[in-house]
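Architecture at a glance
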Amino acid sequence: MNTPLPNPGHLLDIAHWIAMSAPYLALVVLLGGAAWGWTQWQRARRVEETLLGRVTVELIPTSTFDPSEGEVGRYAHQLSRARYSVAKTPARGAGVRLRYSAEEGHIRCYVEGPARAGAVLAMPGFAEVEVRAARADQHIEPVRFTPPVQREGEK
């Protein structure tokens, strides 16, 4: 079975079109690469700024601390909200990290996150846990809620 050969004039027209549009296509590829490189550089800069300015808070439980499953879930949800306070930062720079260490037979728990999320991290999540700034140079004031005043006749 013989297939007809394409008209040589059409092949020349296609080759001519490719040769004429090559500089424009190269310019589009070059501009696209430059835009991609710029956005990657901006992302890396935001991550670096976030990682340099992290805050650490220490969680100090009482001796009778025994959280329920609901309390743990609420605290985990509270920690997940820290991500929203650093909206334009990529995930690798906006993560909240839990660190545990043992010093003199006592387990210590630290929560570390972006500086912009410091107020969220310093909020108390459990009833019997005190939250302290782990470093002296951090000026995070924990949020404390006073219990409601009970009126006469209420239980």
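Details of the structure are given in the entry above.
Residues take numbers from 1 onward in each chain, read along the sequence in its written order. For this predicted model, a pLDDT threshold of at least 70 governs which residues receive local features, and a threshold of 80 or more governs which side-chain atom pairs are given and counted, while totals over whole chains, interfaces and linings are taken from all residues. Note that water and hydrogens are dropped before the side-chain values are worked out from all heavy atoms of the structure.

Take the overall build of the protein chain next. Helix numbering and strand numbering both begin at the N terminus, where a helix is a DSSP run of H or I of at least 4 residues and a strand a DSSP run of E of at least 2. Looking only at helices and strands, one finds four helices and four strands in the protein chain. Start at the N end of the protein chain and walk to the C end: the helices and strands fall as α-β-α-α-β-β-α-β. Accessibility here uses a 1.4 Å probe with only protein chains present; expressed as a share of the type maximum, an area under 20% marks a residue as buried, one over 50% as exposed, and anything in between as partly exposed. Counting only residues that meet the buried cut, the protein chain has 22% of its 155 residues in that class. The criterion used for residue contact is that any of the two residues' heavy atoms lie within 4.5 Å. Partitioning the contacts of the protein chain with sequence separation of at least 6, the portion at a separation of at least 24 is 67%. With residues, only the protein chains shown are counted as cover, and all accessible areas are computed by Shrake-Rupley using a 1.4 Å probe. Of the roughly 12,200 Å² that the protein chain leaves accessible, carbon and sulfur atoms contribute 61%.

Residue position: Ala-91 is located in helix 3 (residues 91–94). The exposure class assigned to Ala-91 is exposed, which follows from its relative accessible area of 54%. Through-space distance from the C-alpha of Ala-91 to that of Val-47 is 8.5 Å; in sequence the pair is 44 residues apart.

We now examine the layout of surface pockets. Each pocket or cavity is described by its volume, and for the largest pocket that value is around 230 Å³. As for the largest pocket, its lining consists of Leu-59, Pro-61, Phe-65, Tyr-75, Leu-79, Leu-98, Tyr-100, Ile-107, Cys-109, Phe-126 and Val-129. Looking at the lining of the largest pocket, the elements with two or more residues in it are strand 1 (54–61), helix 2 (69–80), strand 2 (97–103) and strand 3 (106–114). Gly is placed with the polar residues, together with every amino acid not listed as nonpolar (Ala, Val, Leu, Ile, Met, Phe, Trp, Tyr, Cys and Pro) or charged (Asp, Glu, Lys and Arg). Of the residues contributing to the lining of the largest pocket, the split by class is eleven nonpolar, no polar and no charged. Size it by volume and the second largest pocket reaches roughly 160 Å³. Together, Arg-46, Glu-49, Thr-50, Gly-53, Val-86, Ala-87, Lys-88, Thr-89, Pro-114, Ala-115 and Arg-116 line the second largest pocket. Looking at the lining of the second largest pocket, the element that brings in the most residues is helix 1 (residues 8–52), giving three residues. When grouped by side-chain class, the residues that make up the lining of the second largest pocket number four nonpolar, three polar and four charged. Cavity and pocket criteria rest on a 1 Å grid covering protein atoms alone: a 1.4 Å probe that fits but cannot get out defines a cavity, protein on both sides within 12 Å along at least 5 of 7 lines defines an open pocket, and an atom within 4 Å of a point defines a lining residue. Grid points are joined across faces, edges and corners, and a volume is the space filled by probe spheres set on the points.

What follows concerns the pairing of strand 3. By definition, two strands form a pair when at least two bridges between them are found by DSSP. Here strand 1 runs beside strand 3; their pairing, made up of six bridges, is antiparallel. The residue bridging Arg-54 from the neighbouring strand is Pro-114, located in strand 3. Across seven bridges, strand 2 lies against strand 3 in antiparallel orientation. Residue Ser-101 lies in a different strand from strand 3, and its bridge partner there is Arg-108. The hairpin formed by strand 2 and strand 3 contains two residues between the paired strands, and Glu-104 there has a positive phi angle of roughly 55°.

With that settled, the discussion passes to the nonpolar core. Buried residues of nine kinds, namely Ala, Val, Leu, Ile, Met, Phe, Trp, Tyr and Cys, make up a nonpolar core once their side-chain atoms join them within 4.5 Å. Val-57, Leu-59, Tyr-75, Leu-79, Val-111, Leu-121 and Val-131 are the most contacted members of the largest nonpolar core, which has 14 residues in total. Those elements giving two or more residues to this core turn out to be strand 1, helix 2, strand 3, helix 4 (118–122) and strand 4 (129–133). Here the element with the most residues in this core is strand 1; it accounts for three residues.

Moving on, we get to the pattern of salt bridges. Basic side-chain nitrogens of Lys or Arg form a salt bridge, by our definition, when they fall within 4 Å of a carboxyl oxygen of Asp or Glu. With the rule as written, the count across this model stands at four salt bridges. Across the pair Arg-54 and Glu-112 runs a salt bridge, and its minimum N-O distance is 3.0 Å. A residue pair is termed long-range when its members are at least 10 positions apart, and Arg-54 in strand 1 and Glu-112 in strand 3 qualify at 58 residues. Given a relative accessible area of 9%, Arg-54 falls into the buried group.

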